[in-house]
Amino acid sequence: MTLKFDIQPSPNATSDKDRAAKLVDPGFGRVFTDHMAIVRYSQGKGWHSARVEARANFPLDPAGAVLHYAQEIFEGLKAYRRDDGGVNLFRPDANARRFHNSAERMAMAPLPEDVFIDAVEQLVRMDRAWIPGGEGSLYLRPFMIASEVFLGVKPSAEYIFSVIASPVGSYFKGGPAPVSIWVSENYTRAAIGGTGAVKCGGNYAASLRAQAEAIERGCDQVVFLDAVERRYIEELGGMNIFFAFDDGSLLTPPLGTILPGITRDSIIALAKDTGTRVREEPYTIQQWRADAASGKLKEAFACGTAAVISPIGKVCSASGDFQISGGVAGPVAMGLRKKLVDIQYGRTNDPHNWIRNVA
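For every chain, the first residue of its written sequence is number 1, and the numbers climb from 1 along that sequence. It should be noted that, the model being predicted, local features are given only for residues of pLDDT at least 70 and side-chain atom pairs only at 80 or more, the latter also being counted only at that level, while totals for whole chains, interfaces and linings use all residues. Think of the side-chain values as coming from all heavy atoms in the structure, minus any hydrogens and water.

**Focus: the state of the cysteines**
Link 1 in the chain: Note on disulfides: each one is a pair of cysteine sulfur atoms within 2.5 Å. Counting across every chain of the model gives 0 disulfides.
Link 2 in the chain: Free of any disulfide, C219 has its nearest neighbouring cysteine sulfur in C316, separated by 3.4 Å.
Link 3 in the chain: Given the relative accessible area of 5%, C219 is considered buried.
Link 4 in the chain: Each residue is assigned to one of three classes by its accessible area relative to the maximum for its type, calculated with a 1.4 Å probe on protein chains only: buried under 20%, partly exposed between the two thresholds, exposed over 50%. Classification of C316 as buried rests on a relative accessible area of 6%.

**Points about the nonpolar core**
Generally speaking, soluble globular proteins have nonpolar side chains that are buried together.
Link 1 in the chain: Nonpolar core, defined: a set of buried Ala, Val, Leu, Ile, Met, Phe, Trp, Tyr and Cys residues in which side-chain atoms within 4.5 Å join the residues together. By size, the foremost hydrophobic cluster in this structure holds 44 residues, and its most contacted members are W47, I73, V124, L140, M144 and F161.
Link 2 in the chain: Only DSSP runs of H or I reaching four residues or more are called helices, and only runs of E reaching two or more are called strands; each is numbered from the N terminus. The set of elements that each furnish at least two residues to this core consists of β2 (35-42), β3 (46-54), β5 (77-81), β6 (87-90), α3 (92-105), α4 (113-126), β7 (137-146) and β8 (158-168).
Link 3 in the chain: Any two residues whose heavy atoms approach within 4.5 Å are treated as being in contact. Aside from chain neighbours lying at most four places away, what touches F161 is A37, I38, V39, W47, F99, L111, F116, A119, P142, F143 and M144.

**Description of the packing of aromatic side chains**
Link 1 in the chain: For this analysis, a ring pair means two rings from Phe, Tyr or Trp (six-membered ring only for Trp) whose centres lie within 6.5 Å, classed as stacked if their planes differ by under 30 degrees, edge-to-face if by over 60, and tilted for the remaining angles. If you walk through the whole model with that rule in mind, you get 16 aromatic pairs.
Link 2 in the chain: Aromatic side chains Y80 and Y345 sit 4.9 Å apart centroid to centroid with 70 degrees between the ring planes, which places their arrangement in the edge-to-face category. Here Y80, found in strand β5, pairs with Y345, found in the loop between α8 (331-344) and β18 (355-358); they are 265 residues apart in sequence, far enough to count as distant. Per residue, the accessibility class of Y80 equals that of Y345, and both read buried.
Link 3 in the chain: When the centroid spacing of 5.8 Å and the interplanar angle of 80 degrees are considered together, the rings of F245 and Y283 count as edge-to-face. On the criterion of sequence distance, the pair formed by F245 in strand β12 (residues 240-245) and Y283 in the loop between β14 (278-280) and α7 (285-294) is long-range, its members being 38 residues apart. Assigned by exposure class, F245 and Y283 land together as buried.
Link 4 in the chain: Placement of a positive charge over a ring is assigned whenever Lys NZ or Arg CZ falls within 6 Å of the ring centre and within 35 degrees of the normal to the ring plane. The side chain of K154 reaches across the aromatic face of F150, ending 4.4 Å from its centre.
Link 5 in the chain: Of note, R347 hangs over the ring of Y345, and the distance from its end group to the ring centre comes to 4.5 Å.

This is the structure we're talking about:
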C-alpha cells in the first residue's frame, strides 16, 4: 500500500536560536520538534489522509475508545546524525514489523509497514535540524490509538496513527554507569497468552507500581520473574536482559512473554558474528545469585532503544542483595555497546544492512 503524504510546514516553527538553546541539554522525552506525521483509519476508507503537519493536540471525544478500553500501541526508534551530516535510521523495518504484530494482537487495524517507514522518514526530513550532534539523537515515537466514539466492548472501527519526535542527549552523563535492580516478588509483568510480547501502554502501566517499589528500595530499575513459578528472569520494566559467563557465552531469556526487543536481536547477531555462543534459555533468580557468587557469571546487562546497553552492578531482593563483577561495567557489555553505537552513527561498516539513510 502506498499513501502520499501531504506536507504542511508549521507556520510557527521554532527559530534557529530557540532550537539551539533547547538542544544544549534536551534530557529525554521532554523537548519536542515542530511537526508530527499523522494517518487516519476508518473501516469504510481504510488508511487515509496521510500528512505531516504542525505538532498539535488531538481533538478526542470523552467516549473515545482508547480512553476506556486501552487499544493503544507504540514504538521507539532513533535517527542519528552522521559525522558527514547525513542522517541514519536504525532498523525501522524491524519496528514496522513489530508494530504490525502488536496491532494484530490488540485487534487493531494493522498499518502497512511501508506507510510506517514513510511516516517516520517524512518527519525526520521535516525536522532534521532538531537532531543533536555528538552522542545525541532524535527519538521517534510512532503510536496508534483507537478513536471511535462508543462505550461498547469491541475493537474500534477508527484509529489514529501518528509519529512525534523528541531530541535527546546522551542517556548517560560521563558514560554508562552500572545500575541497581530490584527483583519484584509481588508483581508480574506478563503471562503466557497475554500481551507481554506487545509494545502497548498497558504493559508499562502495569509495571509502574513495581518500578516505584524498586525506587523505594533505592534501586534504579525493577526486574520481573515469570508469572507461573515466580523463578525465571523475564525482563526489566522497559528493557531486555543478558548474562555473560566465564566460558564466553551469553544467555538471554527466551521470547514468548517478553518484548522481542530490536536492540536485543541486534546484540544477539553481533555476538554471533564474533563466534560467541548465545543461548536463549530460561534462567532462574536462584541460579543468577549462585553464578554471581561462584564467579561463573561475569556480567549482566540490560538493553533497549533509549540506553542501548546498561550494565547491571547490583541486584536487590527481599532475600538479600548481591553484586556482579564487583559492581563495575564489564568489557562484554561495553564492547557490544560500542559496536552497536558505531553502526548506528555510521562510524563503522554495517554487516547486516541495518542502516537506512534518510535523504
